[in-house]
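Structural features, examined
In case you want the letters, here they are:
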Amino acid sequence: MKLTVPHMGLLANAYTNVLREHGVNMHPPPKPTIKTLNLGVRYSPEYACLPFKINLGNMIEALEEGVDSILMPGGYGPCRFGYYSVIQENILRRLGYNFSMTRTDNPDSLADMIKTIRSISNIKSKKDGYLVFYLILMRMAAFDKIESLYFRIKPREINRGETDRAYTECVKIIEESKGYLKLLKAFNQANSIMKDVKIDRKCRPLKIGILGEIFVIIEPFANMDVERKLARMGVEVVRGVWLSDWLNDRFRFKPFKPHQNRLSCKWAYPYLKYPSGGESIETVGKTLKFYKEKIDGVIHIMPFTCMPELVASTILQRISNDLNYPILSLTFDEHVSEANLQTRLEAFVDLLERKKKKKEIVYAWLSGN
Amino acid sequence: MHGYLGIDVGSVTTKLVLLSEEGELLWGTYRKTLGQPIRVLQAALAKLHKELSPSIHGVGVTGSGRGLAAHLIGADIVKNEITAHAISAIKHHYNVQTIIEIGGQDSKLIIIRDNVVVDFSMNTVCAAGTGSFLEHQASRLGMGIDEFGKSALHATAPVRIAGRCTVFAESDMIHKQQMGHNLEDIIAGLCDALVRNYLNNLARGKEMREPILFQGGVAANPGIKVAFERELKKEIIIPRHFSLMGAIGASLLALEMKPRKTKFKGFKVFSHHLTSSSFYCDGCPNNCGVIEIKDGEEVIARWGDNCGKWSSLEETILK
């Protein structure tokens, strides 16, 4: 058996090595590229969202490389996503591929996850299953922590490109660690590598919050690398959605970490009274939280035809008007033009910068007074 | 004579202006890009050199071709069109609250409060309602674009045309023509459709307060102005240099920056034989299109790749 799981940010880096050690022949698909997207678009229903298309393209690429089984989360919710594995299996079978599809039926159930892990690996006892799953979750948390450091350090770096090099090295160190203790050691090492990057301590960069649909935010290919584009413009990105937070809300592997979803419900209450699918409640709640934390503005990211985020985006428009808070909504699908996106991002950053500085002297002079 | 140069390389037209130290417009030109931005820029610069031969203290570039222009001419500041348009509108009209900007291929709505941009939107899905489409329709009807805009003013009963998509708008227009509606009514109907399309796409949920400025090439078309006024029931102001606003904004930004030493490469650029070419990198499946500008045999600029494999090469060549 040669197993693959479609990409979602660094998720594949988190589980590949761990599962390999336990006798799973893991074969992650190649990182998503234009080729992946083209494949996905060719065989997907037109109105399926971008995550579906990238997933499908990923699966086809992996199958072409000789993979014979696919693991895909499924079950109900958080949106149409629950049905994706079923439809994707259907499409792939019609294309003539021969494979077996393993899906987790209940995304919220830990027991179900462990059962799935045991069914694909040579892990015997339930206890070992839990330990392995815990290790994967902790790795994901470590990746997320390093990435958030990256966003904090990048706009302040003194030598251009140093942060990027440090980040790549850190991901590799964490990826190659074996076992829980080695992971802790690797994480500490990565942490100190990131903190060794020379930064300008006086620098006060603009802060932009990133919120929206989780896949499009986490997979840089899906959002045309918006976060790194912003970081290169000298903006500190404050991401509101993390994969490890999402997983922690479900599995509570870090029991003392606040439950993000419940908190978001509380924050969002004045505008949205109950969750309306996907990450909509977090988008609304965390926008209000970012506003209170004096983050300069919010970029809301969603795939085209995403119902839950569309609900959120309408509410965001109202929040923006009520609080006079700059919010930019970006919709992604295979037709987004890079030039258009760049112009929007630049204009948004200019807007925030000028709003912050309110160059009144210059404006008074411009007006001829 | 000295001044600040502002360049706006748009999809359809290229604009070049020279501003004085005080921000007065000394010289300006507006010409079709015709798909050859390099040659058009060279010609415009040559004309400026011939007529005024100014010394340039700063250069600002904007427009969709800003990257190209910056590489070619040497710019002190490279800004997006939205900021550039907002700056020049604020300069022109101190209390402006809303800017409607419709250019060759895209349209923008900029909301300003207290002389700061607070919100903007830009067309994504469709180019209906932009200059290219209007020009295409004018030529299909065998009219000049000037005549086209004016004839809309003589309409008595504008027909209703579906304006969601350019292709459908065109077929609907042909249909209305064949039903026997007169030309003025059809053109006025088209203007209405484009305005509706603009407001539905860009202005949704945004409050368009007066004063409203209308700039960009399409502002030359009085039919659209009247259609906006009819739809919004508000006065629309068209600034004097409506088509040059982006370029003026770019040079105002250069003026605001006041570079100690400009990066302007000098007027000699126009006499060089510059060629551009592109190729697809096959380093990874992304297949980025890489653009290369050559001066004779020497590569002077390269961009378009995602990973920096080629554009970083350029840095090693240049420095």
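Every value quoted in this text rests on a predicted model; they were computed, and no experiment measured them.

Criteria and thresholds
Residues numbered from 1 in each chain as written. Chains lettered and ligands numbered in written order. Predicted model: local features only at pLDDT ≥ 70, side-chain atom pairs only at ≥ 80, totals over all residues. Heavy atoms only, no water. Contact = heavy atoms within 4.5 Å. Buried area = accessible area lost by both parts, 1.4 Å probe. Salt bridge = Lys/Arg side-chain N within 4 Å of Asp/Glu carboxyl O. Phe/Tyr/Trp six-rings, centres within 6.5 Å; stacked < 30°, edge-to-face > 60°. Lys NZ or Arg CZ within 6 Å of the ring centre and 35° of its normal. Pairing = 2+ DSSP bridges. Helix = DSSP H or I, 4+ residues; strand = E, 2+ residues; numbered from the N terminus. Axes fitted to C-alpha atoms, helices over the stretch in contact; angles between N-to-C directions. 1 Å grid on protein atoms, 1.4 Å probe; cavity = no way out; pocket = protein on both sides within 12 Å on 5 of 7 lines; lining within 4 Å. Points joined across faces, edges and corners; volume = space filled by probe spheres on them. Nonpolar A, V, L, I, M, F, W, Y, C, P; charged D, E, K, R; others polar. pLDDT = per-residue confidence, 0-100. Buried < 20%, exposed > 50% of the residue type's maximum accessible area, 1.4 Å probe, protein only.

Okay, the interface of chain B and chain A next. Taken together, the contact pairs 32 residues of chain B with 28 residues of chain A. In this assembly, chain B packs against chain A so that about 2,600 Å² is buried in total across both faces, 55% of it on carbon and sulfur atoms. Its largest share of buried area at the contact with chain A, chain B owes to B:Val116, B:Phe120 and B:Glu256, together 21% of the area lost on that side. Counting every contact that joins chain B to chain A gives three salt bridges.

Glancing now at the packing of aromatic side chains. Residues and elements named next belong to chain A. One pass over the structure, following the stated rule, counts nine aromatic pairs over all chains. Among the aromatic side chains, those forming a connected cluster through ring pairs are Phe-52, Phe-81 and Tyr-84. In this structure, Arg-93 packs its charged tip against the face of Phe-99, placed 4.4 Å from the ring centre. Over the face of the ring belonging to Trp-246 we find Arg-250, whose NZ or CZ atom lies 3.9 Å from the ring centre.

All names here are of chain B. Read from one edge to the other, the open sheet built from three strands follows the order β11-β12-β13, with strand pairing classed as antiparallel. Bordering the open sheet on either side are β11 (274-280) and β13 (298-303), each of which pairs with just one other strand. The mean inter-strand angle of the sheet, taken between neighbouring strand axes irrespective of direction, is 25°. Relative to β13, strand β12 (residues 289-295) is paired through five bridges, and the arrangement is antiparallel. Bridging across to β13, Asp-295 finds its partner in Glu-298.

The subject of this paragraph is the layout of surface pockets. Residue and element names in this part refer to chain A. Empty space within the second largest pocket amounts to approximately 900 Å³. Residue lining of the second largest pocket: 42 residues in total, with Met-8, Leu-11, Pro-73, Phe-81 and Trp-246 positioned closest to the centre. Of the residues in the lining of the second largest pocket, the class split is 32 nonpolar, seven polar and three charged.

Here the focus is the confidence of the model for chain B. Residues and elements named next belong to chain B. Residues at a pLDDT of 70 or more form 93% of chain B, whose mean pLDDT is 82. Predicted confidence for residues 315-319 stays below pLDDT 50, and this span has four contacts to residues more than four positions away or in other chains. Both scores are given for the predicted complex: the pTM is 0.85, the ipTM 0.78.

This brings us to empty space enclosed by the protein. One pass over the full model with this rule turns up three cavities of 30 Å³ or more. In this structure, the largest cavity occupies an estimated 70 Å³ of space. Taken together, 11 residues line the largest cavity, and the ones lying closest to its centre are A:Asp350, A:Arg354, B:Thr83, B:Ala86 and B:Val117. At the level of elements, α15 (338-357) of chain A together with α3 (81-92) of chain B are the ones that each hand at least two residues to the lining of the largest cavity. If one sorts the elements of the lining of the largest cavity by residue count, α3(B) sits on top with five residues.

With that settled, consider the sheet that holds strand β4 (residues 55-62) of chain B. Spatially, the five strands line up as an open sheet ordered β3-β2-β1-β4-β5 (chain B), and their pairing is mixed. Every other strand in the sheet has two partners, leaving β3 (25-32) and β5 (77-78) of chain B as the edge strands with one partner each.

Our next topic: the pairing of strand β7 (residues 107-113) of chain B. Residue and element names in this part refer to chain B. Where burial is concerned, most of β7 is hidden: seven out of the seven residues are buried. When strand β6 (residues 98-102) meets β7, the two strands line up antiparallel, connected through five bridges. Across the sheet, residue Thr-98 finds its bridge partner in β7, namely Ile-111. The antiparallel pairing of β6 with β7 creates a hairpin that spans four residues between the two strands. As paired strands, β7 and strand β8 (residues 116-122) are joined by six bridges and run antiparallel to one another. Counterpart to Lys-108 in the pairing with β8 is Met-122. Here β7 hands over to β8 after two residues, with Asp-114 in that stretch at a positive phi of 50°.

The subject of this paragraph is the environment of A:Asn38. With respect to the helices and strands, the residue A:Asn38 is situated in helix α2 (residues 34-43). Counting along the chain gives 134 residues from A:Asn38 to A:Lys172, while the straight-line C-alpha distance between them is 29 Å.

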